[in-house]
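Architecture and fold: a report
The residues making up each chain are set out below.
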Amino acid sequence: MTKSLSLGQFKAFGKTQTIPIKPLTLIFGPNSAGKSSIIHSLALMHEAWIHGDLDPSYTQLGGSSIDLGGFKQYIHRGETSREIEWSISLTIQKDDWIKEITIQWRFGVALDDKGKPLKGAKPLVSSLEVDVNGKRLLRFNKQREYGLAISNLDTGHGLVQRIVKECQLELNSGKTHPVDTSTLTLIDDLVGQLTSKGSTVFPTSLVLNRDGISGANRNGLEPEAQSFQLLFVQKLNAAFQELRAEVADFFQSAKYLGPLRSLPQRRFEESSQKDSDWNASGSFAWEAVKRDKSIRDKVNMWLGSENRLKTPYELKLESYIPESLMRERFLGEDVLTMLQNSWTLETEEAVIDREHWLSILREEPPKYFEFLPDTLQNFIQSFPDEMPSTQRWHNARALIENHTDFIAKQLDAIVWTKEQRREAIVKYYGDSAYGDFWDELRFTSSEELALQLFDEDFPDRIEELILIDKKRGNTRVSHRDVGIGISQVLPVLVHAFGAKNSLVAIEQPEIHIHPALQAELGDVFIESALGEQNNTFLIETHSEHLVLRLLRRIRECSEGSSPDGLPQIRPEDVSIIYVNPDENGAQVIEIPIDEDGEFTRRWPHGFFVERREELF
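Read on for an overview of the structure. (Residues numbered from 1 in each chain as written. Predicted model: local features only at pLDDT ≥ 70, side-chain atom pairs only at ≥ 80, totals over all residues. Heavy atoms only, no water.)

Along the chain, His542 falls in the loop between strand 17 (536–540) and helix 19 (544–559). Among the residues examined, His542 registers a relative accessible area of 33% and is labelled partly exposed. Separated by 513 residues in the primary sequence, His542 and Gly29 place their C-alpha atoms 7.6 Å from one another. (Helix = DSSP H or I, 4+ residues; strand = E, 2+ residues; numbered from the N terminus. Buried < 20%, exposed > 50% of the residue type's maximum accessible area, 1.4 Å probe, protein only.)

Here we take up the side chain of Ser575. For Ser575, the location among the structural elements is in strand 18 (residues 574–580). With residues near it in sequence (within four places) discarded, Ser575 still touches Pro20, Lys22, Leu24, Thr25, Leu26 and Glu590. (Contact = heavy atoms within 4.5 Å.)

Let's shift gears to unusual backbone geometry. We note that Arg77 has phi near 60°; this positive angle belongs to a residue other than glycine. Mapped onto the fold, Arg77 is located in the loop between helix 2 (71–74) and strand 4 (84–91). Phi at His512 is positive, roughly 65°, even though this residue is not glycine. Within the element layout of this structure, His512 appears in the loop between strand 16 (503–507) and helix 18 (515–530). Here His512 falls in the partly exposed class, since its relative accessible area comes to 46%.

What follows covers the environment of Phe107. Here Phe107 is to be found in strand 5 (residues 100–108). Under the relative-accessibility criterion, Phe107 is labelled buried at 0%. Along the primary structure Phe107 and Ser127 are separated by 20 residues, whereas in three dimensions their C-alpha atoms are 7.0 Å apart. When sequence neighbours within four positions are dropped, the list of residues in contact with Phe107 reads Leu44, Met45, Leu54, Phe71, Tyr74, Glu83, Ile84, Pro123, Leu124, Val125 and Ser126.

Over its 15 residues, helix 17 (residues 484–498) runs 21 Å from end to end, which matches the ideal 21 Å to within 8%, given 1.5 Å per residue. Taking burial as the measure, the 15 residues of helix 17 include 12 buried ones, the bulk of the element. Buried within helix 17 we find Ile486, Ser487, Gln488, Val489, Leu490, Pro491, Val492, Leu493, Val494, His495, Ala496 and Phe497. (Expected span 1.5 Å × (residues − 1).)

So, on to the sheet that holds strand 17. Here we have six strands laid out as an open sheet, ordered 11-16-17-3-18-19, and mixed in their pairing. Every interior strand has two partners, whereas the edge strands, strand 11 (255–257) and strand 19 (587–590), have only one. When the angles between neighbouring strand axes are averaged without regard to direction, this sheet yields 20°. Both strand 16 and strand 17 contribute to a ladder of five bridges, which runs parallel. Of the residues in strand 17, the one forming a bridge with Glu507 is Glu540. Contacting strand 3 (24–28), strand 16 and strand 17, helix 18 runs over the sheet at an angle of about 150° to strand 17. (Pairing = 2+ DSSP bridges. Axes fitted to C-alpha atoms, helices over the stretch in contact; angles between N-to-C directions.)

In short, shape yes, function no, at least from these values alone.
Dropping the structure here:
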């Protein structure tokens, strides 16, 4: 779990500031104060961790939503002689002896003897400090020959003492003795010889350089001392890699959603393939709700519930069967010829319809047609109408509502009776089983039959995500026709219910959303952070409605009147941060909350003072 994040000399921040991170961390402040800089620094360090790049313009996490512009742009006030400071503190719950770790980086470009950046120099880590359980364990410094090397190791640290005891147990047949000066000297002798292996941002392991044990041996160390040093390095390296794994989990769990979410194509399957903005712009959300039914159900619950977001919309899947497979499996290659030759028409009106249908049947069939289980019995009589237009088959309900009666009349009253149709099909295929099958297919509405025929026979069927308006007769609507708010809130919901045990950074989740829905997002974040998803949110926002909902829920919790189904929320679960612009750099001010849902510290310039000024 993330405990805090610190940054200095980055964008608006000069002197290092610490941001306490709680399950729900909300960042407020005026425009251009530096609110976004906190999240942008996370994107920078994520890029450094994943790709080793401290000089990016764009990052994997931020896509085009975050343009850092490289070191010269994101260093505070553009002064490239400065060094960035950034650290993360994590609480560890799965380990019985490591409870908290803090990793602090300093990095910048190499300077000449006049303190000016060397031409063409790239930013590199100059120091890396690792604290365990609130106490400094070791420090790396940059060395020209070996990259990062350990410059300090606290031999009095509890972790070091623990490793020493383990070494003694292995080397002394299960016996230990007090750690004496000679043992600590052996450890101190290793400090200058331990270097990093792998990443220049955070070592993958610790190794002895080429002057290690062999050099010590020349100094006359006894074999027992050599064995102790080798074993100590082995165990220290194992512990270090455990620490590294925790930091890796942190960065790998980080997710980001930018302030401007993309709007997919009118037909979702026509949307562009994954690109650098796939996650940051929210494009992934539409694929996530299509692919994962549990996410779709959760999103639908929040979209439509009367005590949630209260929208009339529901996301559903519709299935498509490749027409070529359907023809091969059920209809045969010459079905159109069969239908044309089998028609018998008796009235003048029917002759006109006959010419109409024959012209339709000569048109090239569409690539796909749509199938819904609850309309299985309408499939056969609907078949001719699929031919003229693929577009028509992308709206099954319109087809069923507007064309079923007409088509049924053509096939039943004008073309065939049930017996005539069966006779024609049996004669055409030369097998009575086809007649039995078509009768079953045409006259049953069995959901079980639908699953048997289509789910098993066509596992590669195509599924499309659609939006249903439940207040307008379950009408199928396009996300492009229902207002931009739905497209903006959907990625927020998917982040909340699709992520688990993650740090989720979101800029302006309230954008394009009605004030009432902004307040409801407060409950979304409460459920995701304090419920089974166990996410941590870092939210940059201007929404008064969002924070007022959190205050209300805290007050209700203390009064014992929290809504059913919503996790309990207490003051210690929320961190309210105000970023105050200052001539010396942005300042982070924490605004505490009490159990009554009241702020216990005055906001700089008041809390959303603009509203009061407009009202009074």
